[in-house]
Amino acid sequence: MKMLIRAIAGVAIIWLAMLLTGYGVLTGSTKNAAGLGLQCSYLTARGVINAQYLHTDSGIVGVTDCPLLKKSGDVIDN
């Protein structure tokens, strides 16, 4: 029972930190537009947001993979 309460408290602290900072964690990505676009989904404290990036395999133009963390435009303390 003590472990369950600690786990719930840990999740609540992480959610509160995401709410105050506006960051989201990568949940998935898909290639689109004939492989030139990359759509990344991020889980934030306010829901799921999508971001579009230009994608190339070399990384010279655009990105090769989605960033692990992304700052959303909506932050509660602004």
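All of these numbers come straight from a predicted model, not from anything done at the bench. Position numbers for residues count from 1 along each chain, tracking the sequence in the order it is written. The predicted nature of this model means local features are confined to residues of pLDDT at least 70 and side-chain atom pairs, given and counted, to a pLDDT of 80 or more, with totals for whole chains, interfaces and linings taken over all residues. Only hydrogens and water are removed before side-chain values are computed, so all heavy atoms of the structure are retained for them.

J.: Talk me through the side chain of Thr 44; I want residue IDs and the actual numbers.
T.: Only runs of H or I of at least four residues qualify as helices and only runs of E of at least two qualify as strands under DSSP, and these elements are numbered from the N terminus. If you trace the backbone, Thr 44 turns up in strand 2 (residues 37-44). Looking at Thr 44, its side chain comes within polar contact range of the main-chain oxygen of Gly 47, at 2.7 Å. Those residues in contact with Thr 44, other than ones at most four positions away along the chain, are Met 18, Tyr 23, Gly 24, Ile 49 and Ser 72. Residues adjacent in sequence count toward polar contacts only when both atoms are side-chain atoms; beyond that, a polar contact is any pair of N or O atoms within 3.5 Å, and within protein one must be able to donate a hydrogen and the other to accept it. Residue contacts are counted whenever heavy atoms from the two residues lie within 4.5 Å of one another.

J.: Hey, could you go over the sheet that holds strand 3 (residues 47-54) for me, with residue numbers and the actual values?
T.: Paired strands are those between which DSSP finds at least two bridges. Within the open sheet, the four strands sit side by side as 3-2-1-4. Their pairing is antiparallel. A strand with exactly one partner marks an edge of an open sheet, and here the two such strands are strand 3 and strand 4 (69-71). Along the sheet, successive strands turn relative to each other by an average axial angle of 40°, direction set aside. In the sheet, strand 2 pairs with strand 3 via eight bridges, with the strands oriented antiparallel. In the strand pairing of strand 3, Gly 37 is matched with Leu 54. Lines are fitted to the C-alpha atoms to define the axes, a helix being fitted only along its stretch in contact, and any angle between axes, read from their N-to-C directions, falls within 0 to 180 degrees. Most of the contacts of helix 1 (residues 2-21) go to strand 1 (residues 23-32), to which it runs at about 75°, and overall it touches strand 1, strand 2 and strand 4.

Keep in mind that these numbers describe shape and distance, not what the molecule does.
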